[in-house]
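A closer look at the structure
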Amino acid sequence: MRKRTEPVALEHERCAASGSSSSGSAAAALDADCRLKQNLRLAGKGPAEPRCAADAGMKRALGRRKGLWFRLRKILLCVLGLYVAIPFLIKLCPGIQAKLIFLNFVRVPYFIDLKKPQDQGLNHTCNYYLQPEEDVTIGVWHTVPAVWWKDAQGKDQMWYEDALASSHPIILYLHGNAGTRGGDHRVELYKVLSSLGYHVVTFDYRGWGDSVGTPSERGMTYDALHVFDWIKARSGDNPLYIWGHSLGTGVATNLVRRLCERETPPDALILESPFTNIREEAKSHPFSVIYRYFPGFDWFFLDPITSSGIKFANDENVKHISCSLLILHAEDDPVVPFQLGRKLYNIAAPSRSFRDFKVQFIPFHSDLGYRHKYIYKSPELPRILREFLGKSEPGRQH
């Protein structure tokens, strides 16, 4: 019995020993396998990292592009919304259109003292103020002929007023929109006219420059009438001509029509860069280009002008004017198209009101570059004025 059990025990011990050795070898194999997989993972990280970085960079670039496109689209939608909103805003607030026509809030050049015309090189000019109506005051400049330059030094307003009674002819200059009577191109024209022997009287309409009041077509015309009568009361029988430029041509024809109706016409009317009427000018103005083909353009943009009482109907006024008429226009005028000046001449020339007076149209070739406000640079201007104003008595010529 003992012999039988001893081999069994030995066998059990051998089995246990072999079992423990086999489990140890299995664990070692498992550890080796784990280390191998870990090494493979570590080895695989090297080339994968640049690919991941490239992918991340591409995603950031795409994100930036999407963000840029989103912002651009947002801007475009805002611009489109503003483009559509502006016509409705102007229709609902006609006063905006009136402001855009007068542009009296644009004071160019800035920071000049209109009380001191000598600062603009006009040392033979006097500044004073007139009052056409209650609560309305307008600033006036009076430049005497250049031959009196020395005599004018240190003289007061009374001396200048008395000078109007001299034998030198007088030009009442009516400027256009924006700026003041001290605008650069206007000052240069005063100098040219003064050098030719003319008195030049100019002023800022109510609401312009240092003049007090609210702008309107009626008010501007009344201001011009008041200054005309003020000059006439001091100049006696001296020739008095009216010169209007751009928007000032509308004031000029309003004034002259009224003067002719009361039988006190000026000796001649000069229109520089004129239009036919304010509706046609507004439709032709470069500012209207982006809306010219907008549905309902007339209803949105032109009707508010009329409803504000602004017409400046040169084409109607010239049919009621009885004095000599000279029209000056540059072919390259970008503000008032040349064809509007030509059209106005074609309306005026056959008019019965001019049958005893001459009507003349002087074009300036586009190569000269006079554009809208530089006709004063023309070396031919003195001859043109001498020939026209020297023969402005009855005797119509075309």
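Look up: the structure comes first, before these words.
Residue numbers run consecutively from 1 along every chain, following the written order of its sequence. Reporting in this predicted model follows two pLDDT cut-offs: at least 70 for local features of residues, and 80 or more for side-chain atom pairs to be given and counted; totals over whole chains, interfaces and linings ignore these cut-offs and use all residues. Note that the side-chain values use all heavy atoms of the structure and ignore hydrogens as well as water.

This part covers the overall build of the protein chain. Helices and strands together make up the secondary structure of the protein chain, namely eleven helices and eight strands. Per-residue accessibility, obtained with a 1.4 Å probe over protein chains only, is compared with the maximum for each type, and a residue is labelled buried under 20%, exposed over 50%, and partly exposed between these values. In the protein chain, which comprises 398 residues, the proportion classed as buried is 44%. Contacts in the protein chain between residues at least 24 apart in sequence constitute 76% of all its contacts with a sequence separation of at least 6. Values of accessible area rely on a 1.4 Å probe in the Shrake-Rupley scheme; residue burial ignores everything except the protein chains shown. As displayed, the protein chain has an accessible area near 21,100 Å², and 58% of this comes from carbon and sulfur atoms. Helix and strand assignments follow DSSP, with helices taken as H or I runs no shorter than four residues and strands as E runs no shorter than two, numbered in order from the N terminus. Only heavy atoms matter for contacts: two residues are in contact if any of them lie within 4.5 Å across the pair.

This paragraph deals with the side chain of His 124. Mapped onto the fold, His 124 is located in the loop between helix H2 (94-102) and strand E1 (125-133). Counted as a polar contact is a pair of N or O atoms within 3.5 Å, where, for protein atoms, one must be capable of donating a hydrogen and the other of accepting one, and residues adjacent in sequence contribute only when both atoms are in side chains. Polar contacts involving the side chain of His 124 include one to the side chain of Ser 194, which spans 3.0 Å. Residues within four places of His 124 in sequence aside, it is in contact with His 142, Thr 143, Val 144, Pro 145, Ala 146, Trp 149, Ala 152, Tyr 160 and Ser 194.

Let us now look at the packing of aromatic side chains. For Phe, Tyr and Trp, where Trp contributes only its six-membered ring, two rings pair if their centres lie within 6.5 Å, and the inter-plane angle classes them as stacked under 30 degrees, edge-to-face over 60, or tilted in between. Under the defined criterion, the tally for this structure stands at 19 aromatic pairs. Ring plane angle 65 degrees and centroid distance 6.2 Å describe the contact between Trp 148 and Trp 159, whose orientation is recorded as edge-to-face. Of this pair, Trp 148 sits in the loop between strand E2 (136-143) and helix H3 (157-163) while Trp 159 sits in helix H3, placing them eleven residues apart in sequence. Each residue in the set Phe 88, Tyr 291, Phe 294, Phe 297, Trp 299, Phe 300 and Phe 301 is aromatic and connected to the rest through ring pairs, giving one cluster. We count a charge as sitting over a ring when the NZ of a lysine or the CZ of an arginine lies within 6 Å of the ring centre and within 35 degrees of the ring normal. Taking the ring centre of Trp 299 as reference, the NZ or CZ of Lys 91 above it sits at 4.1 Å. The aromatic ring of Trp 159 is capped on one face by Lys 155, whose charged end is 5.6 Å from the ring centroid.

Along H2, the positions that sit buried rather than exposed are Gln 97, Ala 98, Ile 101 and Phe 102. Considered in projection along H2, the buried side chains sweep an arc of 130 degrees and stay on one side of the axis. Within two residues after H2, Leu 103 carries a phi angle of roughly 50 degrees, on the positive side. Directions drawn from the helix axis to the C-beta atoms are what define this arc.

Moving on: a nonpolar patch on the surface. A cluster of nonpolar side chains, Leu 77, Leu 80, Val 84 and Phe 88, forms an exposed patch at the surface whose accessible area comes to about 380 Å². Mapping Leu 77 onto the fold places it in helix H1 (residues 2-92). Without a salt bridge and with relative accessible area above 30%, a residue can belong to a patch; like charges are then joined within 9 Å and nonpolar side chains (Val, Leu, Ile, Met, Phe, Trp, Tyr) within 5 Å. Between Lys or Arg on one side and Asp or Glu on the other, a salt bridge is scored when a side-chain nitrogen of the former is within 4 Å of a carboxyl oxygen of the latter.

For the rest of this paragraph, the subject is the environment of Phe 361. Considering the arrangement of structural elements, one finds Phe 361 in strand E8 (residues 359-364). It is 7.6 Å that separates the C-alpha atoms of Phe 361 and Arg 342, two residues lying 19 residues apart in sequence. Other than its neighbours up to four places away in sequence, Phe 361 contacts Ile 327, His 329, Phe 338, Gly 341, Arg 342 and Tyr 345.

Let's shift gears to the sheet that holds E8. Taking strand neighbours across the sheet as the criterion, the eight strands line up as E1-E2-E4-E3-E5-E6-E7-E8 in an open arrangement whose pairing is mixed. Whereas interior strands pair on both sides, the edge strands pair on one side only; in this sheet they are E1 and E8. With direction set aside, neighbouring strand axes in the sheet form an average angle of 20 degrees. Interaxial angle, 0 to 180 degrees, is taken between N-to-C directions of lines fitted to C-alpha atoms, where a helix line uses only the stretch in contact. Packed on one face of the sheet, helix H5 (residues 217-235) meets E1, E2, strand E3 (170-174), strand E4 (199-203) and strand E5 (240-245) and runs near 120 degrees to E1. Lying on the sheet, helix H10 (residues 338-348) is in contact with strand E6 (268-272), strand E7 (324-330) and E8; it crosses E8 at an angle near 165 degrees. Strand pairing is defined by DSSP finding a minimum of two bridges between the two strands.

Where E7 and E8 come together, six bridges link them in parallel fashion. Its bridge partner being in E8, Ala 330 is matched across the sheet by Phe 364. Convention used here: a crossover is right-handed provided that the path from the first strand, over the helix, to the second strand proceeds clockwise when the strands point away from the viewer. Running through H10, the crossover from E7 to the neighbouring parallel element E8 is right-handed.

Our next topic: unusual backbone geometry. Omega for the peptide link from Val 108 to Pro 109 comes to -5 degrees, which places this bond in the cis form. Within the secondary structure layout, Pro 109 lies in the loop between H2 and E1. For Leu 103, which is not glycine, the phi dihedral falls at a positive 50 degrees. The residue Leu 103 is located in the loop between H2 and E1 in this model. With relative accessibility at 17%, the residue Leu 103 sits in the buried group. Phi is positive for Ser 246, which is not a glycine, with a value near 55 degrees. Along the chain, Ser 246 turns up in the loop between E5 and helix H6 (247-261). Judged by relative accessible area, Ser 246 falls into the buried class, the value being 7%.

Another point: the side chain of Asn 314. Position of Asn 314 among the secondary structure elements: in helix H9 (residues 314-317). Reaching out from Asn 314, the side chain makes a polar contact with the side chain of Thr 253 at a distance of 2.5 Å. Residues in contact with Asn 314, not counting those within four places in the same chain, are Thr 249, Gly 250, Thr 253, Phe 275, Thr 276 and Leu 344.

So, on to the nonpolar core. Within the largest apolar cluster, 69 residues are counted, with the highest numbers of intra-cluster contacts made by Phe 102, Leu 172, Leu 174, Phe 203, Ile 242, Leu 269 and Phe 312. Apart from the residues within four sequence positions on either side, Ile 242 is in contact with Leu 172, Leu 174, Phe 228, Ala 252, Leu 255, Val 256, Leu 259, Pro 266, Ala 268, Leu 269 and Ile 270. Ile 171, Tyr 173, Ala 330 and Tyr 370 belong to the second-largest nonpolar core, a separate cluster that totals 30 residues. For the purposes of this section, nonpolar cores are sets of buried Ala, Val, Leu, Ile, Met, Phe, Trp, Tyr and Cys residues that join through side-chain atoms within 4.5 Å.

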